[in-house]
Number of protein chains: 2
Amino acid sequence: MTTEEMVTIGEIYLKAEPGSGSMVVLKENAEADHYFMMFVGDAEFAAIAREKGMIAPKRPLTYELYMSIMDHLAVEFQRVEITHMREDTYYAVVHFLADGSEHSADSRPSDAVALALNRKAPIMVSRSLFRRELTQEEVKEYEGIVKKVKF
Amino acid sequence: MTTEEMVTIGEIYLKAEPGSGSMVVLKENAEADHYFMMFVGDAEFAAIAREKGMIAPKRPLTYELYMSIMDHLAVEFQRVEITHMREDTYYAVVHFLADGSEHSADSRPSDAVALALNRKAPIMVSRSLFRRELTQEEVKEYEGIVKKVKF
């Protein structure tokens, strides 16, 4: 993936609809007309919504348990990358420093995004995954529906 | 919780039923007629089922991402404890060693159980939470239904 151009994400949209599943949309910035979209599970959606301050669960979510454990451990998260798609599944990598060296961990994109938001690490997506372009009318319609969250 | 008698768990039962939710049952041993039961979310149920070898998801579950990160970090999990119930919610604590000292992290019991299974740490439950006793007939009926997993 080293030759792949990576786009740094500056904008996250979340959308949950009964029946159609939960969606996360990533964009380079608010003006960008290309975007990366993925469907995510309820728990992973909750983690991202939690990070965006949209929900406040009473008990720690799974990723929050591990974040609170890692508060006591020497680890620094450098960035997460959503790299490619295979068999209708997106793949991500979490890059981190530990014990003086660089490591990476295979991840689902949703988990990687929640982690990156929590640790204020950059989220990068391969430009080749930005497949769809909306017309201005579609963008307006879409943005009227989704719950927009800036960061 | 220091005065509370803790029971070390030796047996885990999992049950998933459409409509009624997913259940995890913990017992001291196969012969015990007292048990601890909790309802858990789909993702947390999947984590425990994954640890028991009942399912093999293609992509890392959330807890697996963090386990693979922690493989590079200096942390030792001592035990997890399900300590009490408040407002119909069970509470758990994960005890671990890091940086030369003992720490604990607040956790949902389901996350704590998945972590403990993964790291082969003892699972302990306050005896006061073992509320229900089954008759031998009920036990047989129940065990005929649930998918039993030893560890």
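Quick look at the structure, then.

Procedures and definitions
Residues numbered from 1 in each chain as written. Chains lettered and ligands numbered in written order. Predicted model: local features only at pLDDT ≥ 70, side-chain atom pairs only at ≥ 80, totals over all residues. Heavy atoms only, no water. Axes fitted to C-alpha atoms, helices over the stretch in contact; angles between N-to-C directions. Helix = DSSP H or I, 4+ residues; strand = E, 2+ residues; numbered from the N terminus. Parallel < 35°, antiparallel > 145°, perpendicular 65-115°, else oblique. Left-handed = near helix turned anticlockwise from the far one by under 90°. Contact = heavy atoms within 4.5 Å. Buried < 20%, exposed > 50% of the residue type's maximum accessible area, 1.4 Å probe, protein only. Phe/Tyr/Trp six-rings, centres within 6.5 Å; stacked < 30°, edge-to-face > 60°. Lys NZ or Arg CZ within 6 Å of the ring centre and 35° of its normal. Least-squares fit on C-alpha atoms with pLDDT ≥ 70 in both. Buried area = accessible area lost by both parts, 1.4 Å probe. Salt bridge = Lys/Arg side-chain N within 4 Å of Asp/Glu carboxyl O. Polar contact = N/O pair within 3.5 Å; in protein donor to acceptor, adjacent residues only side chain to side chain. Nonpolar A, V, L, I, M, F, W, Y, C, P; charged D, E, K, R; others polar.

Some remarks on the packing of helix 2 (residues 62-70) of chain A against helix 2 (residues 62-70) of chain B
Helix 2 of chain B packs onto helix 2 of chain A with a crossing angle of 15° between their chain directions and a minimal axis gap of 9 Å. Here helix 2 of chain B runs roughly parallel to helix 2 of chain A, going by the angle between their axes. Of the two elements, helix 2 of chain A crosses helix 2 of chain B, and the hand of that crossing is right-handed. Contact residues: helix 2 of chain A offers T62(A), Y63(A), Y66(A), M67(A), I69(A) and M70(A), while helix 2 of chain B offers T62(B), Y63(B), Y66(B), M67(B), I69(B) and M70(B).

Some remarks on helix 3 (residues 109-119) of chain B
All names here are of chain B. Among the 11 residues of helix 3, nine are classified as buried, and the element is accordingly described as predominantly covered. Buried within helix 3 we find P109, S110, D111, A112, V113, A114, L115, A116 and L117. Among the residues trailing helix 3, K120 stands out with phi positive, at a value near 55°.

Considering the side chain of S22(B)
Within the element layout of this structure, S22(B) appears in strand 3 (residues 21-27). Residues in contact with S22(B), not counting those within four places in the same chain, are K15(B), A16(B), M38(B), F39(B), V40(B), D42(B) and F45(B).

Points about the packing of aromatic side chains
Residues and elements named next belong to chain A. With the rule as written, the count across this model stands at five aromatic pairs over all chains. Ring geometry for F77 against F96: centres 5.9 Å apart, planes inclined by 45°, an arrangement best described as tilted. Residue F77 is located in strand 5 (residues 76-86), and its partner F96 is located in strand 6 (residues 89-98); the two are separated by 19 residues in the primary sequence. Relative accessible area serves as the criterion here: at 8%, F77 is assigned to the buried category. You can call F96 buried: its relative accessible area is 0%. Taking the ring centre of Y91 as reference, the NZ or CZ of R86 above it sits at 4.7 Å.

A word on the relation of the copies chain A and chain B
Take chain A, turn it by 180°, move it 0.0 Å along the axis, and it overlays chain B with an RMSD of 0.0 Å. Such a combination of rotation and displacement between the chain copies is what one expects of a two-fold axis.

Let's talk about the interface of chain A and chain B
Between chain A and chain B, the residue contacts involve 35 residues of the former and 35 residues of the latter. Between chain A and chain B the total buried area reaches about 2,800 Å² when both faces are included, carbon and sulfur atoms providing 64% of it. Run the count over chain A and chain B and you get two salt bridges. With its nearest N and O atoms 2.8 Å apart, the salt bridge here joins D106(B) to R59(A). At the surface where chain A touches chain B, the tally comes to 12 residue pairs in polar contact (both at pLDDT 80 or more). Counting only elements with at least two residues in the side of chain A that touches chain B, the list comes to helix 1 (42-51), helix 2, strand 6, strand 7 (101-107) and helix 3 (109-119) of chain A. With eight residues, the top contributor of residues to the side of chain A that touches chain B is helix 2 of chain A. Classifying every residue of the side of chain A that touches chain B by side-chain character gives 21 nonpolar, six polar and eight charged.

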